[in-house]
Amino acid sequence: LRDLKARYAKQDYILFTNCHQYPSSAERVEIAHNLTRIESSRIGYAGIDYHNIINCIDGSALNRPHLADVTIRVVCGIADPQRFIDYVKCHYKISRIAQFPDHHSFSIADWNHITGDLQANEIILTTEKDWIRFQSLGLTSYRDRIYFLPIKLAIYESDYMISRFNLIFDQL
């Protein structure tokens with residue numbers, strides 16, 4: 001939390017983001033206890049949920065069985081790439097990882113370095129954010145072999161928060 005502890009009780013809702021998973025019942029009780037004067041129903045948890053790999057050319061999904069004989073060259077320029085890399089390592093065969101600084105402005109030289117020795121059974125996997133930056137390069141080589149891994153917000157069991165979001169969206 002980025003707010004002063006004294007102000008917690010004045011908040012309508014406290015949302016813990018960047019959770020790797022929904023906290024256990026014991027963990028939720030401890031969190032609520034540490035946030036004095038906060039009802040546990042006013043505390044929510046959210047994280048990132050990954051989905052199927054998406055082809056950057058046609059938007060088709062590529063699921064795990066289709067990748068049995070494929071290795072992945074991971075390319076990312078995000079602030080904290082470890083969770084992305086760990087997820088890919090856990091689910092796919094990685095041949096190489098190319099990390100760039102957050103908000104990196106990719107160049108044609110970067111692309112040539114990334115694809116320089118790309119093997120026939122390799123694809124390039126990047127984040128959706130980085131794919132947007134690659135698009136500005138007007139890539140012509142290996143476009144059919146670049147994919148991104150989309151993320152979605154995962155809200156863990158919070159009826160109160162969902163009802164609040166619905167109320168807000170209904171007013172838009």
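Cut-offs used in this document
Residues numbered from 1 in each chain as written. Predicted model: local features only at pLDDT ≥ 70, side-chain atom pairs only at ≥ 80, totals over all residues. Heavy atoms only, no water. Buried < 20%, exposed > 50% of the residue type's maximum accessible area, 1.4 Å probe, protein only. Helix = DSSP H or I, 4+ residues; strand = E, 2+ residues; numbered from the N terminus. Arc of directions from axis to C-beta. Contact = heavy atoms within 4.5 Å. Salt bridge = Lys/Arg side-chain N within 4 Å of Asp/Glu carboxyl O. Pairing = 2+ DSSP bridges. Right-handed = clockwise from strand over helix to strand, strands pointing away. Core = buried A, V, L, I, M, F, W, Y, C linked by side-chain atoms within 4.5 Å.

### Topic: helix α3 (residues 108–115)
Note: α-helices contain 3.6 residues per turn, so residues at a spacing of three or four share the same orientation.
Phase 1: Buried within α3 are the following residues: Asp 110, Trp 111, Ile 114 and Thr 115. Considered in projection along α3, the buried side chains sweep an arc of 120 degrees and stay on one side of the axis. Set apart from the buried face of α3 by more than 90 degrees, the exposed residues are Ala 109 and His 113.
Phase 2: Those residues of α3 that are buried are in contact with β5 (71–76), β7 (122–127), α4 (128–135) and β8 (146–149).

### Let's talk about the pattern of salt bridges
Phase 1: Taken as a whole and judged by the stated rule, the model has five salt bridges.
Phase 2: Here Arg 96 ties to Asp 117 by a salt bridge, and the two come within 2.7 Å at their closest N and O atoms. Here the residue Arg 96 occupies a position in strand β6 (residues 93–99), and Asp 117 occupies one in the loop between α3 and β7, the gap between them amounting to 21 residues.
Phase 3: Arg 96 gets classed as partly exposed once you look at its relative accessible area, which sits at 32%.
Phase 4: Notably, a salt bridge pairs Asp 130 with Arg 133, separated by 2.4 Å at the nearest N-O pair. Here Asp 130 and its partner Arg 133 are both found in helix α4, three residues apart, which amounts to about one turn of the helix. You'll find Asp 130 and Arg 133 in the same group, each marked buried.
Phase 5: Salt bridges linked by common partners bring Arg 73, Arg 96, Asp 117 and Glu 122 together as one network.

### Things to note about unusual backbone geometry
Phase 1: Phi angles above zero are rare outside glycine, and His 103 is one such case at about 65 degrees.
Phase 2: Position of His 103 among the secondary structure elements: in the loop between β6 and α3.
Phase 3: The phi dihedral of Tyr 142 falls on the positive side, at around 60 degrees, and the residue is not glycine.
Phase 4: Its location among the elements puts Tyr 142 in the loop between α4 and β8.
Phase 5: With a relative accessible area of 29%, Tyr 142 lands in the partly exposed category.

### Here we look at the pairing of β8
Phase 1: The side-chain alternation of β8 yields two buried faces, one formed by Ile 146 and Phe 148 and the other by Tyr 147 and Leu 149.
Phase 2: Sheet topology note: the strand β3 (residues 53–55)/β8 ladder contains two bridges and is antiparallel. Paired with Ile 54 across the bridge in β8 is Phe 148.
Phase 3: As defined by bridge partners, β7 adjoins β8 across four bridges and the pair is classed as parallel. Across the sheet, Leu 125 pairs through a bridge with Tyr 147, a residue of β8.
Phase 4: With α4 bridging β7 and its parallel neighbour β8, the resulting β-α-β unit is right-handed.

### Some thoughts on the nonpolar core
Nonpolar side chains tend to gather and get buried jointly when the protein is soluble and globular.
Phase 1: Core analysis: the largest hydrophobic core is formed by 18 residues, its most contacted members being Ile 53, Ile 72, Phe 84, Val 88, Leu 125 and Leu 149.
Phase 2: Within the residue set of this core, elements represented by two or more residues are β5, α2 (82–91), β7 and β8.
Phase 3: A per-element tally of this core places α2 first, with four residues.
Phase 4: Once residues lying within four places of it in the same chain are set aside, the contact partners of Leu 149 are Tyr 50, His 51, Asn 52, Ile 53, Phe 84, Tyr 87, Val 88, Leu 125, Thr 126 and Glu 128.
Phase 5: The next biggest cluster of nonpolar side chains, apart from the first, holds 16 residues, and it includes Val 75, Ile 114, Leu 139 and Phe 148.

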